[in-house]
Amino acid sequence: MRPRLLWLILLSALLCITSCDQLSMVGDKVKLDQTEYNLPAIGGDVKVSFVPLSSWSVSCSDSFVKINPSSGLVSEDPVTLVIRVEENKDLQERTIKVLLTFETNDIVLTIKQA
């Protein structure tokens with residue numbers, strides 16, 4: 001790992017300790033405190049905030065899920081993902097998997113919708 005990148009990661013981790021309670025580092029891997037969410041059948045938004053310690057992207061293969069923003073770069077400022085899930089008209093529980101990818105690891109967010 002390049003010294004400058006390591007310095008940015010350490011600085012971001014320090015800033016995260018004081019400004020973001022959802023993200024932490026375990027070794028060189030990013031970890032979110034919460035990765036499971038519940039939504040009612042009517043749908044709604046899940047908001048996930050973190051300080052990006054590396055470039056990142058987020059994806060979901062379900063057409064009824066919209067995510068904004070979908071990617072970003074290293075920053076000292078927190079990013080808030082808004083994951084919008086449309087109404088579940090079938091009224092059967094469904095499980096949605098959202099993949100959040102960092103340079104060092106991936107995190108799967110699970111949203112259950114009844």
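The structure under discussion appears in the preceding block.
Residues numbered from 1 in each chain as written. Predicted model: local features only at pLDDT ≥ 70, side-chain atom pairs only at ≥ 80, totals over all residues. Heavy atoms only, no water.

Caption draft 1: Quick look at the pattern of salt bridges. What the rule picks out here adds up to 1 salt bridge. Across the salt bridge formed by Arg84 and Asp45, the nearest N and O atoms sit 2.8 Å from each other. With Arg84 in strand 8 (residues 79-85) and Asp45 in strand 4 (residues 44-50), the pair connects residues that are 39 residues apart, well separated along the chain. A relative accessible area of 48% places Arg84 in the partly exposed class. (Salt bridge = Lys/Arg side-chain N within 4 Å of Asp/Glu carboxyl O. Helix = DSSP H or I, 4+ residues; strand = E, 2+ residues; numbered from the N terminus. Buried < 20%, exposed > 50% of the residue type's maximum accessible area, 1.4 Å probe, protein only.)

Caption draft 2: A look at the sheet that holds strand 3 (residues 36-39). With mixed pairing, 5 strands are arranged side by side in an open sheet as 3-10-9-5-7. The open sheet has two edge strands with one neighbour each: strand 3 and strand 7 (71-72). Pairing of strand 5 (residues 56-59) with strand 9 (residues 94-102) involves 4 bridges; the strand directions are antiparallel. Counterpart to Ser59 in the pairing with strand 9 is Leu99. (Pairing = 2+ DSSP bridges.)

Caption draft 3: Structural view of the packing of aromatic side chains. According to the stated counting rule, one finds 2 aromatic pairs in the structure shown. Ring centres of Phe50 and Trp56 lie 5.3 Å apart, and the angle between their planes is 85°; this geometry places the pair in the edge-to-face category. Take Trp56: its relative accessible area is 5%, and that puts it in the buried class. For the pair Phe50 and Phe102, a centre-to-centre distance of 5.6 Å together with 80° between the ring planes defines the contact as edge-to-face. Of this pair, Phe50 sits in strand 4 while Phe102 sits in strand 9, placing them 52 residues apart in sequence. (Phe/Tyr/Trp six-rings, centres within 6.5 Å; stacked < 30°, edge-to-face > 60°.)

Caption draft 4: Region of the structure containing the sheet that holds strand 4. Across the sheet, which stays open at both edges, the 3 strands sit in the order 4-8-6 with antiparallel pairing between neighbours. In this open sheet, the two strands that pair with only one neighbour each are strand 4 and strand 6 (65-68). Taken pair by pair, the neighbouring strands of this sheet meet at an average axis angle of 15°, ignoring direction. Examined bridge by bridge, strand 6 and strand 8 share 4 bridges and lie antiparallel to one another. Its bridge partner being in strand 8, Asn68 is matched across the sheet by Val82. (Axes fitted to C-alpha atoms, helices over the stretch in contact; angles between N-to-C directions.)

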